[in-house]
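Close look at the chain arrangement
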Amino acid sequence: GVGFFRAGGAEVELGEWSWQFGGPQEQRVRAGTEDVAGVAAMLAALEWCEDQMPGDAAARDEFEHSLGWPVVGAGHPRLWNTSLVVAPRHQNKLWLARLSQRGFQCSTGSACSSGHDGDSHVLAAMGLEPDAMRRVLRFSSGWTTTRDDWRALVRALGEVERELDARFPPTRAECVGRPLPT
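Let me sum up the structure you'll find in this document.

Definitions and cut-offs
- Residues numbered from 1 in each chain as written.
- Predicted model: local features only at pLDDT ≥ 70, side-chain atom pairs only at ≥ 80, totals over all residues.
- Heavy atoms only, no water.
- Helix = DSSP H or I, 4+ residues; strand = E, 2+ residues; numbered from the N terminus.
- Buried < 20%, exposed > 50% of the residue type's maximum accessible area, 1.4 Å probe, protein only.
- Contact = heavy atoms within 4.5 Å.
- Areas by Shrake-Rupley, 256 points an atom, 1.4 Å probe, with all protein chains shown as cover.
- Phe/Tyr/Trp six-rings, centres within 6.5 Å; stacked < 30°, edge-to-face > 60°.
- Core = buried A, V, L, I, M, F, W, Y, C linked by side-chain atoms within 4.5 Å.
- Polar contact = N/O pair within 3.5 Å; in protein donor to acceptor, adjacent residues only side chain to side chain.

Structural notes on the overall build of the protein chain
Of regular secondary structure, the protein chain possesses seven helices and two strands. Listing the helices and strands of the protein chain from first to last along the sequence gives α-α-β-α-α-α-β-α-α. Across the 182 residues that make up the protein chain, the buried fraction comes to 28%. Pairs at least 24 apart in sequence give 66% of the contacts found in the protein chain among residues at least 6 apart. Taken as a whole, the protein chain presents about 12700 Å² of accessible surface, with 55% of it coming from carbon and sulfur.

Encoded structure:
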C-alpha cells in the first residue's frame, strides 16, 4: 500500500519517522519494493479529487438557514461540508434512528468521539449545556452532494420532528417561539 503526509509546503522535522524500516532486504535498510504503480495511482486520484472538490459552503449554509436550528460554531471558520446542529427537542439518538430509516446517515457528535457516550468536553468548553449536547446532530456531505440532497434532508428532519413530537409531545416551554406542530 501507499500513503502520504501533507505538510502544507512547510518543512517538517519527522524525527524517527524519517526512516523506513522493514524486511530483510538490503540488510534491513529498505522496507521493501516501492509500489511505483500505487504511488502514481494515488497521485492521480488526489489530483482528480482536488479538481472535483468544491470547497464551497453555500449549500451547507442554505441547509442551516432553512433548518433554523442553533449551529455549533456558526460565524467561525468551519469545514465547508460539515454542520453540527442542536435539535430543538428529543435526544439525538431518536433523530439518528428515524433519519436512518429515511436513508440519511448522521452522527451524534464529532467524528473523533464516535461511539463515545457522555458529554463532550469540547462542546462543554464551547458553552453548550448537557441537555443541548444530547440533542446535537452532525451532518457531513461529500463532493457529489447537491443542494437538492441538503433540501431533502431538511424535509426529512421536518418529518422526523413531527413524528417525534406526536410520540413525545413537547412541553409548552419547548414551544415558546416555535409554531406548534400541525
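Quick notes on the packing of aromatic side chains
Using the criterion set out here, one finds three aromatic pairs in the structure. Between F63 and F139, the aromatic rings sit 5.6 Å apart at their centres with planes inclined by 75°, giving edge-to-face as the arrangement. Of this pair, F63 sits in helix α2 (residues 58–67) while F139 sits in strand β2 (residues 136–140); the two residues are 76 residues apart in sequence, bridging distant segments of the chain. One exposure class covers both F63 and F139, and it is buried. Each ring, one from W69 and one from W95, has its centre 5.1 Å from the other, and the planes form 70°; the classification is edge-to-face. Note that W69 is positioned in the loop between α2 and β1 (82–86) and W95 in helix α3 (residues 92–101), a separation of 26 residues in sequence. Judged on exposure class, the residue W69 and its partner W95 are both buried. An aromatic cluster is built from F63, F139 and W150, whose rings are joined through pairwise contacts.

Thoughts on the nonpolar core
One broad rule of soluble globular proteins: the nonpolar side chains tend to lie buried together. Formed by 18 residues in total, the largest nonpolar core has its most connected members in W69, W95, L99, L137, F139 and L157. Apart from the residues within four sequence positions on either side, L99 is in contact with F104, C106, F139, L153, A156, L157 and V160. One finds V72, V86, L123 and L128 within the second-largest nonpolar core, a separate group that totals eight residues.

Some details on the side chain of T82
Along the chain, T82 falls in strand β1. One polar contact links T82 to N81, side chain to side chain, over a distance of 3.0 Å. If we ignore the near neighbours within four places in the chain, the residues touching T82 are R60, E64, R138, F139 and S140.

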